[in-house]
Amino acid sequence: MVEFIKAAEKDIPLLQQLAEKSWNAAYRNILPQDQIDYMLKEMYSQQEISDQLKNPNYHYYFILNNGSAAGFIGFEFHYEKDTAKLHRIYLLEEFKGKGLGKKAINFLKEKVAETSDRRIILNVNKDNPAKKIYESQGFSVFAEGIFDIGNGYVMDDYLMEYRF
């Protein structure tokens, strides 16, 4: 059974733990370890997640599979006009290939449909095989971008969208 449980301030350590495990598995063949470490430190610091949780439009949900934390999803309503943004969706390696990612994307679509947003956007690394999953769920590439994230690192991404 798959459940989505809203995360709160007290859950930041678990979010950080899931991020570290899932990122090291997902990106080990895509990015150098020092870049993974840098991005985890910047994007998943206590302060960063706390600030996001204080934003009423930003939501984190744990993805539970039979009661076990399998991963998480983080998204933001009204990121742009009529547009929500999927910022994060990560699963632990042992939970991949079980349909949880697709269920999480459907959960996101349901949540966004409850708002005035009519589009979901996301960034995905050009070498990330998750792009195929997004495409299978109705997302398409609308642009490409190289983003300076500091410390001499960049993100080389496809920008994808889903329209309602």
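Conventions and cut-offs
Residues numbered from 1 in each chain as written. Predicted model: local features only at pLDDT ≥ 70, side-chain atom pairs only at ≥ 80, totals over all residues. Heavy atoms only, no water. Axes fitted to C-alpha atoms, helices over the stretch in contact; angles between N-to-C directions. Helix = DSSP H or I, 4+ residues; strand = E, 2+ residues; numbered from the N terminus. Left-handed = near helix turned anticlockwise from the far one by under 90°. Contact = heavy atoms within 4.5 Å. Nonpolar A, V, L, I, M, F, W, Y, C, P; charged D, E, K, R; others polar. Core = buried A, V, L, I, M, F, W, Y, C linked by side-chain atoms within 4.5 Å. Buried < 20%, exposed > 50% of the residue type's maximum accessible area, 1.4 Å probe, protein only. Phe/Tyr/Trp six-rings, centres within 6.5 Å; stacked < 30°, edge-to-face > 60°. Lys NZ or Arg CZ within 6 Å of the ring centre and 35° of its normal. Expected span 1.5 Å × (residues − 1). Arc of directions from axis to C-beta. Polar contact = N/O pair within 3.5 Å; in protein donor to acceptor, adjacent residues only side chain to side chain.

A. Structural detail: the packing of helix α1 (residues 12-27) against helix α3 (residues 46-54). Their axes nearest at 10 Å, the elements α1 and α3 cross at an angle of 115 degrees. Judged by the sense of rotation from one axis to the other, the crossing of α1 with α3 is right-handed. In contact with Ile-12, Leu-15 and Gln-16 of α1, α3 contributes Gln-46, Ile-49, Ser-50 and Leu-53. Classifying every residue of the contact of α1 with α3 gives 4 nonpolar, 3 polar and no charged.

B. Structural context of the environment of Gln-16. For Gln-16, the position within the fold is in helix α1. In the structure, Gln-16 is positioned 106 residues away from Leu-122 in sequence and 21 Å away in space, judged by C-alpha atoms. Setting aside chain neighbours within four positions, we find Gln-16 in contact with Tyr-44, Ser-45, Gln-46 and Ile-49.

C. Looking closely at the nonpolar core. Among the nonpolar cores identified, the biggest contains 49 residues, and Trp-23, Tyr-44, Phe-72, Leu-86 and Tyr-134 are the most heavily contacted of them. Excluding anything up to four places from it in sequence, Trp-23 contacts Arg-28, Ile-36, Met-39, Leu-40, Met-43, Tyr-44 and Tyr-90.

D. Up close: the packing of aromatic side chains. Under the counting rule described, the total for this entry stands at 16 aromatic pairs. Summarising the aromatic geometry, the rings of Tyr-61 and Phe-75 are spaced 5.9 Å apart at their centres and angled 5 degrees between planes, so their arrangement reads as stacked. Note that Tyr-61 is positioned in strand β2 (residues 58-65) and Phe-75 in strand β3 (residues 68-80), a separation of 14 residues in sequence. The pair formed by Tyr-61 and Phe-75 is uniform in burial state, with each residue classed as buried. Ring pairs connect the aromatic residues Trp-23, Tyr-27, Tyr-44, Tyr-58, Tyr-60, Phe-72 and Tyr-90, which therefore count as one cluster. Stacked on the ring of Tyr-44, the Lys or Arg Arg-88 has its end atom at 4.6 Å from the ring centre.

E. Seen up close, α1. For α1, with 16 residues, the first-to-last C-alpha span of 21 Å sits near the 22 Å given by 1.5 Å per residue. Listed in full, the buried residues belonging to α1 are Ile-12, Leu-15, Leu-18, Ala-19, Ser-22, Trp-23, Ala-25 and Tyr-27. Summarising the axial view, the buried residues of α1 lie within an arc of 165 degrees, below the 170-degree limit, and thus occupy one face. Turning to α1, the residues buried within the fold contact α2 (33-43), α3, β2, β3 and β4 (83-91).

F. Up close: the environment of Asn-55. Position of Asn-55 relative to the elements: it lies in the loop between α3 and β2. Sequence separation between Asn-55 and Lys-21 is 34 residues, and the spatial gap between their C-alpha atoms is 26 Å. Engagement of the side chain of Asn-55 in a polar contact is seen with the backbone nitrogen of Asn-57, the distance being 2.8 Å. Only 3.2 Å separates the side chain of Asn-55 from the side chain of Glu-76, close enough to count as a polar contact.

G. Local environment of α3. Residues of α3 that are buried: Ile-49, Ser-50 and Gln-52. The buried residues of α3 occupy one face: seen down the axis, they fall within an arc of 160 degrees. On its buried face, α3 sits against α1, α2, β2 and β4.

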